[in-house]
Amino acid sequence: MFADLPLLSLLIWTPILGGVLVLITGNDKNALDAKVIALLVVLVTFVLSLPLFGLFDSSLAVMQFVEGPHVWVSTFKVNYHLGVDGISMPLIVLTTFTTVLVVLAGWDSIKYKTAQYMAAFLIMEGLMIGVFASLDVILFYVFWEAMLIPMFIVIGVWGGERRVYATIKFFLYTFFGSVFMLVALIYMYYQGDSFAILDLHRLKLGHTEQILIFFAFLIAFAVKVPMWPVHTWLPDAHVEAPTGGSVILAAIMLKLGAYGFLRFSLPITPDASSTLDGMMITLSLIAVVYIGLVALVQQDMKKLIAYSSISHMGFVTLGFFVAFSIFENTGSWNGAALGMEGAIVQMISHGFISGAMFLTVGVLYDRMHSRDIAAYGGVVNKMPKFAAFAMLFAMANAGLPGTSGFVGEFMVILSAFTANFWYAFLAATTLIIGAAYTLWMVKRVFFGEVANDNVAKLEDLSIREFFILAILALAILGLGVYPAPLLDVMGPTVDNLIQHIGQSKL
Amino acid sequence: MDFAIPNYQVAIPEMFILAMACIILLVDLFLTERTRSVTYLLSQSALLGAAVLTLTTFSEGSQLAFSDTFVRDAKGDVLKAFIYLSTFMVFLYARSYLQVRNLFKGEFYVLGLFAVLGMMVMVSAHNLLTVYLGLELLSLALYAMVALQRDSIFASEAAMKYFILGALASGMLLYGMSMLYGASGSLDLSEISRQITTNQMSLVTVFALVFIVVGVAFKLGAVPFHMWVPDVYQGAPTAVTLFIASAPKIAAFAMMIRLLVDGLSGLQSHWQDMLIILSVLSLAVGNLFAIAQTNIKRMLAYSTISHMGFLMLGVLTGSSEGYAAAMFYTISYTLMSLAAFGMVVLLSRTGFEAERIDDFKGLNERSPWFALVMMFVMFSMAGVPVFLGFWAKLFVLKELVHAGMTWLAIVAVIFSVIGVFYYLRIIKLMYFDKAEDKSPIEKNLDLHFALSLNGVGILAMGILPGSLMALCISVFV
């Protein structure tokens, strides 16, 4: 039954139209109606995304569920063209899953303009799915940029004290990043006379052209991931964003940058990627180690998790670019797949873990309106169930075996060993640093004596909160214990990608 | 001498507007204040009538008339149609604004229609004299409209400035034309074009080109000939600013195409360099200075300057697709500008001009719908997908890259990013700040409806930009 439906279009347009509906019908007097509609819409979208997983043929590396190309703007040869492969499909499911949690998380904590809040997240969900599903670069670019609008509003309206600064910085940084990509895309259009992503993969490009295009992409994606040194917008945006905004930022938006590397940089400019892999690995390792150390000294819980996110995303870019180093070292591409698959697992796992961490902070923030680590202490005495979840998420963030955080990091480190001992050594330090900052924060917030009267008045999780955190805990443990289904789905696509980047385009 | 009867049919819409303007001038004499709406309705029907005349007699080829001084072709007809449309919307938006300020007079409409006539002549000009005639008709009408609020010091100052600088620019243009006439011995644009391509061009034609480019740049408001723009936009009554910022830009674009492309295409390598300098300066100055403004009309004026820079980028590619891109940009800009100034008109009310950007504070609380419309307009002007302005910028950038000027495309996008900041600031004021002024927006059915349509149109045309693009390309290729 599902095979005949235009699933991807439904996934994109159901939440967008649902968001418009919520926007039209909702106001502050009937906030509950808006929330119910929004929840229904995200649940429907999530259910619609399940057949994507179920019906996906994981033996194939080609695009599946393809729609189009339908002509959109004929004079530009821009098409409405959708499809997913083993890389984008799990990310779409992650998006629909996370948005359900975000809607639930905002249920009570958003006190004003609830309908607009819900509508912004619904529209954002559709746009993000559009980014993952686009097979036409202009379509991709439209979703990619349009997505900034709801996020800009979410941080600016429902954010913290310095929200205006943070949201404008967020918008300008990411907008600045992507305009160069647009010029590069137009340039390639005139080389290959096509805006189709798969045509660009096959496009022959000279070495200098590739280097320039690589940098144009790099600015766009490095800002989004974010990589050191263009990461400074992220801590600000995370700290000021409402919980839901932080979750979406960390769980999905950062993945868009990493996805961009996989979909554009690597296959379109393989020779430039190979030439510049040293730079990319260095930047990734700086993110892993240096940003990890920065996280250690944070006083603000959200800021700490934000820096931890940057550090973990360093693993993702490391996993992508270490492939070239492996090839240079060993003369074969064996082991490259391990790193790349590890990086993708890390993307999904980080989606769960960072989402969970931000939701944890959100639970505390809703009660005490403080993100300062120093304002807490001994929370475990008052909120034992909550503390158990928080401990699990912290362990996952530190990369404890058995949680999803371990799988990706371990694969990437293993793969980095094939390339260079020191890469692996530096990357592995994160297991120590990560454990240090996460567990130290947990210790200060949760353990010890009850710190003050405010903590003493805390109440444990409501059923809604328990449900949200429990689902995430299951996801994290599930992926940690049995990552095989995810690896199976992405396997052929990753192999195909590695085979593709192994062939010079010169 | 051959005394053939001129082919009047070619200029039917122009004659209709002229006749209607004269009729309205007379009818208005016999109207009292209470029945003034008749003038308004007559003016609107004049525009509708002209639109019907233009569209029903639309034909693909080009026809010359009146000793080849006047041309009617597809691109002219399309541009005229958008001139009618934007003037129609200006009259609609401005009505209540004028009424409460005691400016609801016949003169506004008569001058407006004469300005439309001037623009139509500019669009259809095929001779240096016709260009000049149209331009002066437009300019004189605009000078008077700026001064319409005659007891306002700001308006008088703005009108004076506009008039003096405008006269200077016209003088420059005329000087360039005279040199061109001296060099080629003709005022006819195709004859001049033929002369330049066949004969070796002399220094004097290049000299003439400089003056003509200066004149055109002044009318567009390109840097460094932009000084009048912020002052006039700010000083003029908002209803008049609304007009100056919309349809005349289409006419100025048409004048640029007629002079530089139809007449002086042989000098393309020369005017290309000049336009590069003008457009980069316009992008830089427009976007940077707009950041510092606290008056919304001045901010939009600087934004206009940067948009004109972008528009010239399309023209300087020298390809027909590039001209089409510039035309698409002009039309998109006009629609966005109408909506933006329409919002300023909407927020103004009896005894209150919504001139400071702070007047947009907390608009989301006062009227979520119009805050949304303004957000559409701002994001569109900033060039964020999926609004119309994005496609306009994309089209121009694409033609720049096609013409091998990728570096210029990069310069353009860098300044666009800078420009995003001040558009975001308006959205910030509307959504993130508390309202100082809690009074609800005054009820005004037709303004509300038209402005909503304008805003939704910007989104809808952003989702489906194909047909307008194809139209722009078809008239040039």
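Model, not experiment: these values are computed from the prediction. (Residues numbered from 1 in each chain as written. Chains lettered and ligands numbered in written order. Predicted model: local features only at pLDDT ≥ 70, side-chain atom pairs only at ≥ 80, totals over all residues. Heavy atoms only, no water.)

Draft legend 1. Local environment of the overall build of chain A. Secondary structure assignment for chain A yields 22 helices and two strands. What you see for chain A is a C-alpha radius of gyration of 22 Å, in line with the 23 Å of a compact globule of 506 residues. Counting contacts in chain A only where the partners sit at least 6 residues apart, residues at least 24 apart contribute 82% of the total. Total accessible area on chain A stands at roughly 16400 Å², and carbon and sulfur atoms take up 66% of it. Placing the 24 positive and 31 negative side-chain charges of chain A at their respective mean positions leaves the two points 9 Å apart. (Helix = DSSP H or I, 4+ residues; strand = E, 2+ residues; numbered from the N terminus. Rg over C-alpha atoms; globule rule 2.2 N^0.38 Å. Contact = heavy atoms within 4.5 Å. Areas by Shrake-Rupley, 256 points an atom, 1.4 Å probe, with all protein chains shown as cover. Lys, Arg positive; Asp, Glu negative; His and termini not counted. Charge placed at Lys NZ, Arg CZ, Asp CG, Glu CD.)

Draft legend 2. Examining unusual backbone geometry more closely. Residues and elements named next belong to chain B. Residue Val223 is joined to Pro224 through a cis peptide bond whose omega torsion reads 5 degrees. One can find Pro224 in the loop between α8 (203-220) and α9 (228-235). Looking along the chain, the bond that leaves Pro385 and enters Val386 is cis, with omega of 10 degrees. Notably, Phe66 is not glycine yet its phi reads approximately 55 degrees, a positive angle. Of note, Phe66 is situated in the loop between β1 (63-65) and β2 (70-72).

Draft legend 3. Fine view of the environment of B:Phe390. Note on placement: B:Phe390 falls in helix α17 (residues 388-402). Judged by relative accessible area, which is 2%, B:Phe390 ranks as buried. For the pair B:Phe390 and B:Ala252, spaced 138 residues apart in sequence, the C-alpha separation works out to 22 Å. Among all residues touching B:Phe390, those that are not within four sequence positions of it are A:Tyr141, A:Val142, A:Leu182, B:Ser380, B:Gly383, B:Val384 and B:Pro385. (Buried < 20%, exposed > 50% of the residue type's maximum accessible area, 1.4 Å probe, protein only.)

Draft legend 4. A look at helix α10 (residues 233-240) of chain A. Residue and element names in this part refer to chain A. In terms of burial, α10 is largely enclosed, as eight of its eight residues are buried. Those residues of α10 that sit buried are Trp233, Leu234, Pro235, Asp236, Ala237, His238, Val239 and Glu240. Considering only its buried residues, α10 is in contact with α6 (148-158), α7 (163-192), α9 (207-224), α11 (243-268), α14 (301-330) and α15 (336-368).

Draft legend 5. A look at the interface of chain B and chain A. Across the boundary between the two partners, chain B contributes 41 residues, which contact 32 residues of chain A. Counting each side, the surface lost to burial between chain B and chain A is near 3300 Å², with a carbon and sulfur contribution of 86%. Summed over the three residues of chain B that lose the most area to chain A, namely B:Lys398, B:Val417 and B:Phe432, the buried surface amounts to 21% of that side. Here chain B is connected to chain A by zero salt bridges. If you look at where chain B meets chain A, you find four residue pairs in polar contact (both at pLDDT 80 or more). (Buried area = accessible area lost by both parts, 1.4 Å probe. Salt bridge = Lys/Arg side-chain N within 4 Å of Asp/Glu carboxyl O. Polar contact = N/O pair within 3.5 Å; in protein donor to acceptor, adjacent residues only side chain to side chain.)

Draft legend 6. Quick look at the packing of aromatic side chains. Residues and elements named next belong to chain A. Here the structure, examined in full by the defined rule, presents 59 aromatic pairs over all chains. Geometrically, the ring pair formed by Phe421 and Trp422 is edge-to-face, given 5.1 Å between the ring centres and 75 degrees between the ring planes. Overall, Trp422 belongs to the exposed group, its relative accessible area being 54%. One aromatic cluster is present, formed by Phe140, Trp144, Phe214, Phe215, Phe217, Phe221, Phe261, Phe264, Phe321 and Phe324 through successive ring pairs. The ring centre of Trp144 lies 4.5 Å from the NZ or CZ of Lys224, which sits over that ring. The ring of Trp440 has Arg444 sitting right over it, with the charged end atom 3.8 Å from the ring centre. (Phe/Tyr/Trp six-rings, centres within 6.5 Å; stacked < 30°, edge-to-face > 60°. Lys NZ or Arg CZ within 6 Å of the ring centre and 35° of its normal.)

Draft legend 7. The confidence of the model for chain A, seen in detail. For chain A, the average pLDDT comes to 86, and 99% of its residues sit at 70 or higher. Looking across chain A, the model is least confident in helix α20 (residues 453-456) of chain A, with a mean pLDDT of 77, and most confident in helix α5 (residues 137-146) of chain A, with 91. (pLDDT = per-residue confidence, 0-100.)

Draft legend 8. Broad picture of helix α1 (residues 7-25) of chain A. Residue and element names in this part refer to chain A. Look at α1: 26 Å from first C-alpha to last across 19 residues, which is about the 27 Å you get at 1.5 Å a residue. The complete set of buried residues in α1 reads Leu7, Leu8, Ser9, Leu11, Ile12, Pro15, Ile16, Gly18, Gly19 and Val22. Those residues of α1 that are buried are in contact with α2 (31-54), β1 (64-73), β2 (78-84), α3 (88-109), α4 (114-133) and α5. (Expected span 1.5 Å × (residues − 1).)

Draft legend 9. Representation of the packing of α15(A) against helix α17 (residues 384-398) of chain A in the model. Residues and elements named next belong to chain A. Look at α15 against α17: their axes get within 9 Å of each other, and the N-to-C directions meet at 145 degrees. As for the relative orientation of α15 and α17, their crossing is left-handed in sense. Two secondary-structure elements touch here, α15 through Ile353, Ala356, Met357, Thr360, Val363 and Leu364 and α17 through Phe386, Ala390, Phe393, Ala394, Ala396 and Asn397. Each residue belonging to the contact of α15 with α17 can be placed in one class, and the counts come to ten nonpolar, two polar and no charged. (Axes fitted to C-alpha atoms, helices over the stretch in contact; angles between N-to-C directions. Left-handed = near helix turned anticlockwise from the far one by under 90°. Nonpolar A, V, L, I, M, F, W, Y, C, P; charged D, E, K, R; others polar.)

Draft legend 10. Molecular detail of the pattern of salt bridges. Residue and element names in this part refer to chain B. Taken as a whole, this structure holds 23 salt bridges over all chains when the rule is applied. In this structure, the salt-bridge partner of Asp77 is Arg72, at a minimum N-O distance of 3.1 Å. Comparing Asp77 with Arg72, the two get one shared label, buried. Bridged by salt links that share partners, the residues Asp73, Lys75, Arg258 and Asp262 form one connected network.

Draft legend 11. Up close: the layout of surface pockets. Within this model, the largest pocket holds a volume of roughly 1400 Å³. Surrounding the largest pocket, 42 residues form its lining, A:Val20, A:Leu23, A:Ile123, B:Leu372 and B:Phe376 being those nearest its centre. At the level of elements, α1, α4, α5 and α6 of chain A together with α15 (363-366), α16 (368-382) and α19 (445-463) of chain B are the ones that each hand at least two residues to the lining of the largest pocket. Taken together, the residues of the lining of the largest pocket break down into 34 nonpolar, four polar and four charged. Roughly 490 Å³ of volume is contained in the second largest pocket. What lines the second largest pocket is a set of 27 residues, among which A:Ser109, A:Ile110, A:Tyr365, A:Asp366 and A:His369 lie closest to the centre. Looking at the lining of the second largest pocket, the elements that each hand over two or more residues are α3, α10, α11, α15 and α21 (463-481) of chain A. (1 Å grid on protein atoms, 1.4 Å probe; cavity = no way out; pocket = protein on both sides within 12 Å on 5 of 7 lines; lining within 4 Å. Points joined across faces, edges and corners; volume = space filled by probe spheres on them.)

Draft legend 12. Region of interest: empty space enclosed by the protein. Residues and elements named next belong to chain B. Across all of its chains, the model carries nine cavities of 30 Å³ or more by this definition. By volume, the largest cavity is sized at about 130 Å³. Taken together, 13 residues make up the lining of the largest cavity; nearest its centre are Leu138, Leu142, Tyr162, Lys219 and Pro248. For the lining of the largest cavity, the elements supplying multiple residues, two or more each, are α5 (128-146), α8 and α11 (247-263). Class assignment for the residues of the lining of the largest cavity results in ten nonpolar, one polar and two charged.

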